[in-house]
Amino acid sequence: MSYSKENVESIVNNGISRRSFLKGLAASGVLSSFPGGILQANEDLNTKIPYLGEKSYQTFRNACPRNCYDTCSIKTYVKDGVMQFIEGATESTYTRGGCCVKGNSYVKRVYSARRLKFPMMQVGGKGSGNWKRISWDQAMDIIAKKLLEMKKEDGTLLGAALTKYSGNFGITHYGIEGMFNSIGYTTRLAGTPCWPAGIDAQNLDMGDMWCNDPEEMKDSKFIILWGVNPASNSVHSMKYIYEAKKKGAKVVVIDPVFTEAASKASQYIQIKTGTDGLLALGMAKIIIDANLHDQKWLDANSKGYKEYKAYLDKEIKLDNVSKITGIPLAMIKELALSFAKAKPATIWMGYGMQRHTNGGSMIRAIDAFVAVSGNIGKYAGGARYGHLSTWGFNYAALSQPKPEGSVGYTGPEGAKGEFAQVGGEKAAYTDRFLNINKTARELINAKEPKVRLLWVACKNVFAQDFDRNQLIRAFQQLDLVVVADQFFNETAKWADIVLPVATQFEEYDVNVSYWHYWLTLNEQAIKPLFEVKSDLEIAAMLSKRMNQLQPGSCTFPQSVDTKAMMVKEFNPGIYEQFGIKSWEELKNGPVKAKAVIPYADGKFKTPSGKFEFYSDKALELFGSALPTYLEVRKPYDKFRMTSPHSRWSLHSQFQNLEWMEDVHPEPYVYINPEDAEAKMVKEGDTVAVFNKQGLLRLKAKLTDNVQAGTVLMYEQWYNNNIYNVNELVDDTSSDMGAFKTGAPGVALHDTFVNFRKL
Amino acid sequence: MQKAFLVDGSICLGCNTCAMACKNQYHQDKGILWRKVREIGAEEYHIDNNNILPTLVSYQKAPKAEMPMERFYFSLACNHCENPACVAICPVGAHTKDPETGICKHDQTICIGCGGCVKACPFGASKFNEKMGQAEKCSMCWERQADGKTTACVQSCPVGAIAIIDLHDPKYKEYANAAPIGIDYAINAETKPSTRFIHPSMPKEVYRLPKG
């Protein structure tokens, strides 16, 4: 049987249409006893459902576990075992009663006809489209036997690889890594494609990545949103920015793109991409020359200021700064001086800015400017990037012992990723770490033993990783690919076994944010639909089967209750930080950590204990002790391509939902009218955008929101569209990331393309 | 009292949270939105053939606006008109105007699906659900309001860009603007739409890189 969409869909839908399924249920009288059945996507049945009054519903606490600044606290309304609607929790001053456009589509996500419902196996080989439904027992039997066979043949389990990233940031979801810990020493795709260069930069400068509470921004007197677009990607932060603006603060957006946030700012400054670090160095020079720097703070709290100033004096020429950044000198001076005069003033740095070959150096330069202005360690000030200071859980689900006698890797140890760096005893062996940002080539090149089994969880590899052609080759050479997901996405199409995973409404968990300071309980609100299982339950089932086949081969608990596991993640430190006595208090709503101003005490976790303009570690790892100007990657094709996050999706999630298609149906490439004219492209024309990596066809929109020489496409996965912007991105590394996250980041905004009208 | 939506285009992010929150509450079928976030400057002004009420065809179009693409918006649902065409045309009384609040409600249990309201409304607020064979529209979450909550759209907006005001309250009497800029909208329609608008503007200072 060859691949056909209808074939896949019919299996996804269990061979019968939703409508006849429901009809059958109704006829047999089981509809009323079938939780969730009524709200299935039969579009004939579910138009206006009335609001029945608060008392008519059972309510549950939930959290949005996606890779997002906002990590919303949710209140879920359930009737007769069926989710009716959700609201943002009113107890959180950050979520303040409302989720975003994505969060508000959750009911559809849970009850979408497109959800994966049963374990499936691609019997015709990867990419054949020839699927059959299998039972959980069959699935676990195949996987367990494969693992044990590999262990026997290789003597280790290093042939088994796990790639898991940000599909669900709930704390118990580290149980997926826990599952791999529990079978022995394995191979991990380590690092992060998201924000590693900036993490390294902040750690070099301040010994930590730690940002002020975003809610303080309402009292900032000057805010620079530098390469960040909260109007699209952190909508709940905008109210604080608006409040500050209303109170007279100046809000400046520096960005190569005239973003949604730029359109709501006091001032928008367009900058040539990749020159932000130089601008920050120039601004620092200006305020030092004007004697507006905070000498007292610098004397008490910094290391290497003298060397840094000497570098600025010698190397930074303001005329040059203006020429390279494209910004008039008078405007740069005005910006720097008014920032220095306003107290407190703050800069929020976006993650896109560090997805360049010089990304880490740019974050370091901006950190240094904020430090020089005396705004580090101040209420409503700070060089904001992100934080993990509320993530001090037990990681009980993660921490599983290796089976006795496990043999692993004896090569150099790598770090494990930005979250949950749980300390452990130094073992004779380690896992083998491959760079997640070069997944395709790392899988292909791994030897002794080669990777034979890949487990994909909380991740859509084909949407998020780079170099599609190599990825297909990598997947094809694997013996067994297991994909645990909620939807039948491109990665699932290249799997051998697909496992249907629970949504957060079908399991317990606990969530915090890498941006705000709230802690949210995630309760199980409904029974799991169909045959879906939580990632923890899947791990338990695998453990059970492995131990049946070979006792002692897996240490993961053989049955697991997501609630009990969630409870195990709490500890006195969390309770103390959030001022609660027990996790059960979270049933009353989310709570906020006790207020702390980062670095207000002048204590930095750098080797010197001070803010380090001069970092020996930076010199050792990246060849420059100081934040210096590093030129961005040279173009290899005619136009720069930038691929920011869309507001309709969180990476490859949400845009595929039926409801999202109603508000945003299709992708576009945004082209500056000047470039379009040269290529004779008109609004709405279909164009091919291509480079050495691949080719995409999509409609053009013409706008000077993007600067000439740059085209913009959003990163999204559509259900019925093969569009995927990452097919044009190669896996060139950014400058930093290897220090704290195990691997350098990806310079994905240093992608170059050409385009023509079709 | 005339309850009305006040939409603030100066802070609206265009994020569509309001439209999705409405779907979240009422589960409108695919293809149907009771609330729609409309982009200023992006719409083609068209001759409206929808309207079958001769008294209402003389409405004017809103003034055009040149704004950057995909940056400025008005969020619109039913305008809860003071003199609603849907109520006038409905043969079975499925559309009613609440005498106390001024909310224009639609009751689907009564609707016979004649489609009169869909054609009569100058703003396209009533939608026809082909599968149900019935009309449907925003009823300003009157059940939620009666329960002491606000509407789904107002509650969910992350920046407070939608508010519910009473047009008859002297404090709001002349509030904001009845005529939006830059979207296809029947200003001065005799139905007297209640929605009011705060207009957006570009940032005071905008610097773009020079050409070439």
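Small disclaimer: the values here were computed from a predicted structure and weren't measured.

Novice: Would you take a moment to explain the sheet that holds strand E5 (residues 131-133) of chain A for this structure?
Specialist: Strand pairing in a sheet relies on backbone hydrogen bonds. The paired strands run either parallel or antiparallel. Residues and elements named next belong to chain A. In spatial order, the strands read E5-E4-E17-E16-E15-E6-E7-E14; together these 8 strands make up an open sheet with mixed pairing. Looking along the sheet, the strands with just one partner apiece sit at the ends: E5 and strand E14 (432-435). Averaged over all neighbouring strand pairs, the angle between strand axes comes to 20°, with direction disregarded. In the sheet, strand E4 (residues 120-122) pairs with strand E17 (residues 497-500) via 2 bridges, with the strands oriented antiparallel. When the bridges of E17 are listed, Met120 appears paired with Val498.

Novice: How do you make sense of the confidence of the model for chain A when you look at a structure like this?
Specialist: Caution applies to low-pLDDT parts of the model: their predicted coordinates are not meant to be read in detail. Residues and elements named next belong to chain A. Per-residue confidence for chain A gives a mean pLDDT of 92; residues scoring 70 or more make up 91%. Note on residues 1-45: pLDDT under 50 across the span, and 76 contacts to partners over four residues away in sequence or across chains. Taken together, the stretch residues 420-425 has pLDDT below 50 and engages in 7 contacts with residues farther than four places along the chain or on a different chain.

Novice: For this particular structure, what's the right way to read empty space enclosed by the protein?
Specialist: Over the atoms a probe the size of a water molecule is rolled, and this reveals where empty space is left. Residues and elements named next belong to chain A. One pass over the full model with this rule turns up 17 cavities of 30 Å³ or more. Within this model, the largest cavity holds a volume of roughly 660 Å³. In this structure, the largest cavity is lined by 40 residues; those nearest its centre are Gly227, Gly352, Pro644, His645 and His749. At the level of secondary structure, the elements contributing two or more residues to the lining of the largest cavity comprise helix H7 (230-233), strand E22 (639-642) and strand E26 (710-712). Looking at the lining of the largest cavity, its residues break down into 15 nonpolar, 19 polar and 6 charged. Approximately 540 Å³ is the volume attributed to the second largest cavity. In terms of lining residues, the second largest cavity is bounded by 37 residues, among which Gly167, Asn460, His651, Ser652 and Gln653 are the most central. Classifying every residue of the lining of the second largest cavity by side-chain character gives 14 nonpolar, 16 polar and 7 charged. When residues of the lining of the second largest cavity are assigned to domains, at least three map to each of domain 1 (120-194 + 394-502 + 531-580) and domain 3 (639-757).

Novice: Explain the packing of aromatic side chains here, please?
Specialist: Centre distance and the angle of the planes are the two values used to describe a pair of aromatic rings. Scanning the model with the defined rule gives 51 aromatic pairs over all chains in all. Judged by centre distance (5.2 Å) and plane angle (10°), the ring pair of Tyr69(A) and Tyr351(A) falls under stacked. Note that Tyr69(A) is positioned in the loop between strand E1 (58-63) and strand E2 (73-79) and Tyr351(A) in the loop between strand E12 (345-349) and helix H15 (359-372), a separation of 282 residues in sequence. Three or more aromatic residues link up through ring pairs in this structure, and these residues are Tyr69(A), Tyr165(A), Phe169(A), Trp195(A), Trp348(A), Tyr351(A), Tyr385(A), Trp391(A), Tyr514(A) and Trp515(A). Its guanidinium or amino end placed over the ring of Tyr668(A), Lys701(A) lies 4.5 Å from that ring's centre, counting from NZ or CZ. When the ring centre of Phe5(B) is taken as reference, the NZ or CZ atom of Arg35(B) above it lies at 4.5 Å.

Novice: Is there a simple way to think about the nonpolar core in this case?
Specialist: Most often, soluble globular proteins have nonpolar side chains that are buried together. Residue and element names in this part refer to chain A. Residues Ile224, Trp226, Tyr308, Ile376, Leu519 and Phe570 are the most contacted members of the largest nonpolar core, which totals 192 residues. Counting only domains with at least three residues in this core, you end up with domain 1 (120-194 + 394-502 + 531-580) and domain 2 (211-385). If near-sequence neighbours (up to four positions away) are discounted, Leu519 is found in contact with Phe393, Val510, Asn511, Val512, Phe570, Ile574, Phe578, Ile580, Leu586, Pro590 and Val591. Residues Ile134, Met140, Met150 and Leu542 belong to the second largest nonpolar core, which totals 37 residues.

Novice: I keep staring at the side chain of Thr259(A) and nothing clicks. Help me out?
Specialist: Take Thr259(A): it is sitting in the loop between strand E9 (250-255) and helix H9 (260-263). Exposure remark for Thr259(A): the relative accessible area of 6% places this residue in the buried category. With residues up to four places along the chain from it excluded, the contact list for Thr259(A) reads Asn229(A), Val253(A) and Arg71(B).

Novice: Any chance you could explain a nonpolar patch on the surface here in plain terms?
Specialist: Residues and elements named next belong to chain B. Together, Val92, Ile110 and Ile112 give the surface a local cluster of nonpolar side chains, amounting to about 240 Å² of exposed area. Relative to the assigned elements, Val92 resides in the loop between helix H2 (85-89) and strand E5 (95-97). Classification of Val92 by relative accessible area gives partly exposed; the value is 34%.

Conventions we followed
- Residues numbered from 1 in each chain as written.
- Chains lettered and ligands numbered in written order.
- Predicted model: local features only at pLDDT ≥ 70, side-chain atom pairs only at ≥ 80, totals over all residues.
- Heavy atoms only, no water.
- Pairing = 2+ DSSP bridges.
- Helix = DSSP H or I, 4+ residues; strand = E, 2+ residues; numbered from the N terminus.
- Axes fitted to C-alpha atoms, helices over the stretch in contact; angles between N-to-C directions.
- pLDDT = per-residue confidence, 0-100.
- Contact = heavy atoms within 4.5 Å.
- 1 Å grid on protein atoms, 1.4 Å probe; cavity = no way out; pocket = protein on both sides within 12 Å on 5 of 7 lines; lining within 4 Å.
- Points joined across faces, edges and corners; volume = space filled by probe spheres on them.
- Nonpolar A, V, L, I, M, F, W, Y, C, P; charged D, E, K, R; others polar.
- Domains from an automatic or database assignment.
- Phe/Tyr/Trp six-rings, centres within 6.5 Å; stacked < 30°, edge-to-face > 60°.
- Lys NZ or Arg CZ within 6 Å of the ring centre and 35° of its normal.
- Core = buried A, V, L, I, M, F, W, Y, C linked by side-chain atoms within 4.5 Å.
- Buried < 20%, exposed > 50% of the residue type's maximum accessible area, 1.4 Å probe, protein only.
- Patch = residues over 30% accessible without salt bridge, like charges linked within 9 Å, V, L, I, M, F, W, Y side chains within 5 Å.
- Areas by Shrake-Rupley, 256 points an atom, 1.4 Å probe, with all protein chains shown as cover.
- Salt bridge = Lys/Arg side-chain N within 4 Å of Asp/Glu carboxyl O.

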